[in-house]
Amino acid sequence: MGRDRYKIIQKDTPHFITLTVLHWIPVFTRPATVEIILDSLNFLMKEGLKVHAYVILENHLHLVVQSKQLSKDVARLKSYTAKALISYLTDHKVTTILDQLAFYKKAHKADRAYQFWQEGMHPELIQSEVMMHQKIEYIHLNPVKRGYVDQAKHWRYSSARDYEGEIGLLEICKVW
């Protein structure tokens, strides 16, 4: 994340972040690949990461998260999930995606065969209650705007259900 011009400027405050698969390759089209993201988030949540909102789409995810060490937690999330996802793709012989991850890999990533995530996360500090609500609404409406579902709560890989009083896939922190 050293190459990212966006910085976490206030520790332990909510930030809106986006993580994108290299070259927008659609990897999260299988429940097993999404589960790797959810499992990693659950692990980090046990260590202090607070997830206020999330959505996982086929090639990127948006989060509103906070922790005392947010940069480190996001780096851990990206590192672990990249390795686990590449392992999954290798084990299941998903060569088309692996070939793309190798082809679009940045030249300075010479220590590895593949690059999974685009560099950076573009964190935006949530500066007010209004901004928090705007970001959560943006996150939840993402699958609706793409035409995948008619209502935000129908997208399985999102915290929209939690904000509708239903139980979602992650334990969302609604206090900020």
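Residues numbered from 1 in each chain as written. Predicted model: local features only at pLDDT ≥ 70, side-chain atom pairs only at ≥ 80, totals over all residues. Heavy atoms only, no water.

Peer 1: Provide a residue-level description of the nonpolar core, including the pertinent values.
Peer 2: The biggest cluster of nonpolar side chains holds 53 residues, and the ones touching the most others in it are Phe 28, Ile 56, Leu 101, Phe 116 and Trp 117. Those elements that provide at least two residues to this core are β1 (15-20), α1 (31-46), β2 (50-56), β3 (60-66), α2 (70-91), α3 (95-103) and α4 (129-145). Element by element, the count of residues in this core is highest for α2, at 9 residues. Filtering out sequence-adjacent residues up to four positions away, Leu 101 remains in contact with Val 21, Leu 22, Ile 25, Ile 86, Leu 89, Tyr 114, Gln 115 and Phe 116. (Core = buried A, V, L, I, M, F, W, Y, C linked by side-chain atoms within 4.5 Å. Buried < 20%, exposed > 50% of the residue type's maximum accessible area, 1.4 Å probe, protein only. Helix = DSSP H or I, 4+ residues; strand = E, 2+ residues; numbered from the N terminus. Contact = heavy atoms within 4.5 Å.)

Peer 1: Please give an account of the pattern of salt bridges that cites residues and values.
Peer 2: In the structure shown here, the tally under the stated rule is 6 salt bridges. Among the salt bridges present, the one from Asp 73 reaches Arg 76, with a minimum N-O distance of 3.5 Å. Taken as a pair, Asp 73 and Arg 76 lie in helix α2 at a separation of 3 residues, close to a single helical turn. Residue Asp 73 is classed as buried on the basis of its relative accessible area of 2%. When the shortest N-O distance is used, the salt bridge between Lys 153 and Glu 166 registers 3.4 Å. (Salt bridge = Lys/Arg side-chain N within 4 Å of Asp/Glu carboxyl O.)

Peer 1: Describe the pairing of β1, and please don't skip the residues or the numbers.
Peer 2: Most of β1 sits inside the fold, with 6 of its 6 residues counted as buried. What you see with β1 is no split at all: His 15, Ile 17 and Leu 19 on one side and Phe 16, Thr 18 and Thr 20 on the other are buried throughout. With 6 bridges connecting them, β1 and β3 associate as antiparallel partners. Along β3, the bridge assignment pairs His 15 with Val 65. Two elements, β1 and strand β4 (residues 124-125), share 2 bridges in a ladder whose sense is antiparallel. Bridge pairing links His 15 to Leu 125 in β4. (Pairing = 2+ DSSP bridges.)

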